[in-house]
Amino acid sequence: MTGRDGSARPVDPLSDAARALYARITRGEPVGPDDTGALGELVAWRLVNVDPGRPAPPVALDPQEAGRRRLDDELRDLAARAARIAAIPDVSDELGLHFERAKWRSGSGSEFLAGREQVTARIAEAVDRAESEVLTALPWGPACEEFLGEITDRDSRALARGVRLRTLFGDGVRDDAAARAWATVMSARGTRFRTLLAPFQRCVVVDRRQAFISDHVVGGDPDQTAWHVRDRAFVAFVAEGFEDAWRRADIWYGDPRRAVTTKEAGELTERQREILIDTAAGVDQRITARRLGIGLRTLTKELGRLRARWGAPTLAALAYQWALSPERLRTTGPADGTGPSGPRGEQTRG
């Protein structure tokens, strides 16, 4: 039942005193001043009729009819309460949109993480809660070797949930045996790796909602400290910086650096090298054909020759063989930066 102010009031069963008073009224016994509380219960239940304008004693009413009316009232009240409960999620969702928009505009600032243990724990917590994507940029390679097992477990759990992982390393990581072994394992599980010779900033971006960046404010050891940033605009800026570096980087599967031989260097034509560069970067074949001024059929034939050369059954396998080939290492773009390390190559992100 609800009061006039709309608030719910509890529904209590009749007290023993009210039950005893009802029995007395049916027997015609008088009602005294001490029965005021019990009489009020009977009136509320509509078990008795009282005329305030006349001194006549209360009249007992049919309890079956009173019970039916009471049950109807309770059922109506229950239905009204159920409707109010059902409306709560809709109200929360509607108002939540305004709250989220306010957060996007204002953000929730940044938090300084003062030690490596705190940084590692906070990043691990964020990755464990990731829903779609984790971007990691490490100019100096992965963490110390003793942490690689823990990172492997964490990243493997994320991959199992369907989270996409992309990791960018500095080019020197190709000479690190532990990093190569780790990248080989994680590449097989689905993590995508690239290496970049040019400098870039360290960061971790989770679901494009939060980021971890190096400290450039407090002035401590950048290897030990970081900032946890939740401002949506700044996180988007950090993510775009990662994408720019990713587009200029070379695909890596954990393979070691190999020297280029003169014999191998002359085996591919310039057009074949361009096709391999675009294939490894995920560029649509129609775009590659248009850029090179050839037909799609000609491009397909070239790809067939290249797959036969390396015995690659798929384009993905061909891209892998190209990544391992010394020919890739000697491929350099023109002075305007439109070669494999320039912005031309990649039409799709992923």
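Everything numeric here is computed off the predicted structure, so don't read it as measured data. (Residues numbered from 1 in each chain as written. Predicted model: local features only at pLDDT ≥ 70, side-chain atom pairs only at ≥ 80, totals over all residues. Heavy atoms only, no water.)

**Student:** Just checking my understanding: could you explain helix H9 (residues 270-281) for this structure?
**Tutor:** Side chains of residues three or four places apart in an α-helix project in the same direction, reflecting 3.6 residues per turn. Look at H9: 17 Å from first C-alpha to last across 12 residues, which is about the 16 Å you get at 1.5 Å a residue. Considered for burial, the residues of H9 that qualify are Gln-272, Arg-273, Glu-274, Ile-275, Leu-276, Ile-277, Asp-278, Thr-279, Ala-280 and Ala-281. Gly-282 sits one or two residues past H9 and shows a positive phi near 80 degrees. (Helix = DSSP H or I, 4+ residues; strand = E, 2+ residues; numbered from the N terminus. Expected span 1.5 Å × (residues − 1). Buried < 20%, exposed > 50% of the residue type's maximum accessible area, 1.4 Å probe, protein only.)

**Student:** Looking at this model, I keep getting lost on the sheet that holds strand E8 (residues 210-214). Mind explaining?
**Tutor:** Strand-to-strand pairing in sheets goes through backbone hydrogen bonds, with the strands running parallel or antiparallel. Pairing is mixed across the open sheet formed by eight strands, whose spatial order is E3-E9-E8-E7-E4-E5-E6-E10. Where the open sheet ends on each side, the last strands, each with one partner, are strand E3 (110-113) and strand E10 (250-252). The sheet shows a mean angle of 20 degrees between the axes of neighbouring strands, taken without regard to direction. The sheet strands contacting helix H7 (residues 232-247) are strand E4 (133-138), strand E5 (164-170), strand E6 (192-196), strand E7 (203-206), E8 and strand E9 (226-229), and the helix crosses E5 at an angle near 65 degrees. (Pairing = 2+ DSSP bridges. Axes fitted to C-alpha atoms, helices over the stretch in contact; angles between N-to-C directions. Contact = heavy atoms within 4.5 Å.)

**Student:** In this structure, what is going on with the side chain of Asp-73? I would like to understand it.
**Tutor:** Looking at the element boundaries, Asp-73 is found in helix H3 (residues 63-106). For Asp-73, a relative accessible area of 17% puts it in the buried group. Side chain to side chain, Asp-73 and Arg-46 meet in a polar contact 2.7 Å long. Within the structure, the side chain of Asp-73 is placed 2.4 Å from the side chain of Arg-76, a separation counted as a polar contact. (Polar contact = N/O pair within 3.5 Å; in protein donor to acceptor, adjacent residues only side chain to side chain.)

**Student:** I keep staring at the packing of helix H10 (residues 285-292) against helix H11 (residues 296-310) and nothing clicks. Help me out?
**Tutor:** In helix packing, the relevant descriptors are the interaxial angle and the interaxial distance, both defined with respect to the helix axes. Direction vectors running N to C along H10 and H11 enclose 105 degrees, while the axes themselves pass 9 Å from each other. It follows from the interaxial angle that H10 and H11 lie roughly perpendicular. Together, Gln-285, Arg-286, Thr-288 and Ala-289 of H10 and Leu-296, Leu-299, Thr-300 and Leu-303 of H11 make up the contact between the two elements. Looking at the contact of H10 with H11, its residues break down into four nonpolar, three polar and one charged. (Parallel < 35°, antiparallel > 145°, perpendicular 65-115°, else oblique. Nonpolar A, V, L, I, M, F, W, Y, C, P; charged D, E, K, R; others polar.)

**Student:** Help me out: how do you make sense of a nonpolar patch on the surface in this one?
**Tutor:** Residues Leu-71, Leu-75 and Leu-78 make up a contiguous nonpolar surface patch of roughly 300 Å² in combined accessible area. With respect to the secondary-structure elements, Leu-75 resides in helix H3. The exposure class of Leu-75 is partly exposed, given its relative accessible area of 47%. (Patch = residues over 30% accessible without salt bridge, like charges linked within 9 Å, V, L, I, M, F, W, Y side chains within 5 Å. Areas by Shrake-Rupley, 256 points an atom, 1.4 Å probe, with all protein chains shown as cover. Salt bridge = Lys/Arg side-chain N within 4 Å of Asp/Glu carboxyl O.)

**Student:** Explain the nonpolar core to me, please; I cannot follow it from the model alone.
**Tutor:** As a rule of thumb, soluble globular proteins bury nonpolar side chains together. Counting residues in each nonpolar core, the largest one holds 26 residues, and the members touching the most others are Val-134, Phe-169, Trp-182 and Phe-193. Elements supplying a minimum of two residues to this core: helix H4 (116-128), E4, helix H5 (148-160), E5, helix H6 (177-189) and E7. By size, the runner-up hydrophobic cluster in this structure holds 18 residues, among which are Leu-135, Leu-168, Ala-211 and Ala-245. (Core = buried A, V, L, I, M, F, W, Y, C linked by side-chain atoms within 4.5 Å.)

**Student:** Looking at this structure, I do not really get the pattern of salt bridges. What am I missing?
**Tutor:** Once their charged atoms are close, side chains differing in charge can pair, the charge on each being opposite to the other. Tallying each qualifying case throughout the model produces 27 salt bridges. Between Asp-73 and Arg-46 there is a salt bridge; the shortest N-O distance is 2.7 Å. Of this pair, Asp-73 sits in helix H3 while Arg-46 is found in the loop between helix H2 (36-44) and strand E1 (48-49), placing the two residues 27 residues apart along the sequence. One salt-bridge network, in which partners are shared between bridges, spans Arg-24, Arg-27, Glu-29 and Asp-35.

**Student:** How should the packing of aromatic side chains be read in this particular structure?
**Tutor:** By convention here, two paired aromatic rings are described through the distance between centres and the angle between planes. For the structure shown, the criterion picks out nine aromatic pairs. Ring geometry for Phe-169 against Trp-182: centres 6.3 Å apart, planes inclined by 55 degrees, an arrangement best described as tilted. Of this pair, Phe-169 sits in strand E5 while Trp-182 sits in helix H6, placing them 13 residues apart in sequence. Trp-182 matches Phe-169 in its accessibility class, with the two residues each being buried. Plain terms: the ring middles of Trp-182 and Phe-193 are 5.6 Å apart, the flat faces sit at 70 degrees to each other, and that makes the pair edge-to-face. Of this pair, Trp-182 sits in helix H6 while Phe-193 sits in strand E6, and the two are 11 residues apart along the sequence. For Trp-182, a relative accessible area of 9% corresponds to the buried category. The exposure class of Phe-193 is buried, given its relative accessible area of 3%. Residue placement shows Arg-70 over the ring face of Trp-45; its charged tip is 4.5 Å from the ring centre. Its end group placed over the ring of Trp-246, Arg-166 keeps NZ or CZ at 5.2 Å from the ring centre. (Phe/Tyr/Trp six-rings, centres within 6.5 Å; stacked < 30°, edge-to-face > 60°. Lys NZ or Arg CZ within 6 Å of the ring centre and 35° of its normal.)

**Student:** Looking at this structure, I do not really get the confidence of the model for the protein chain. What am I missing?
**Tutor:** Chain-level statistics for the protein chain give a pLDDT mean of 81 and a share of 83% at 70 or above. The weakest mean pLDDT in the protein chain belongs to helix H8 (residues 262-265) at 45; the strongest belongs to E7 at 97. In the model, residues 259-265 has pLDDT below 50 throughout and makes 11 contacts with residues more than four positions away in sequence or in other chains. (pLDDT = per-residue confidence, 0-100.)

**Student:** Looking at this structure, I do not really get unusual backbone geometry. What am I missing?
**Tutor:** Phi is mostly negative for residues that are not glycine, and the peptide bonds are mostly trans. With phi around 55 degrees, Asp-207 is a residue other than glycine that occupies positive phi space. With respect to the helices, strands and loops of the structure, Asp-207 is situated in the loop between E7 and E8. Here Arg-208, not a glycine, exhibits a phi torsion of approximately 55 degrees, which is positive. With respect to the element layout, Arg-208 can be found in the loop between E7 and E8.

**Student:** How do you make sense of helix H1 (residues 16-26) when you look at a structure like this?
**Tutor:** Buried within H1 we find Ala-18, Leu-21, Tyr-22 and Ile-25. The buried residues of H1 occupy one face: seen down the axis, they fall within an arc of 105 degrees. One or two positions beyond H1, positive phi appears at Gly-28, with a value near 80 degrees. (Arc of directions from axis to C-beta.)

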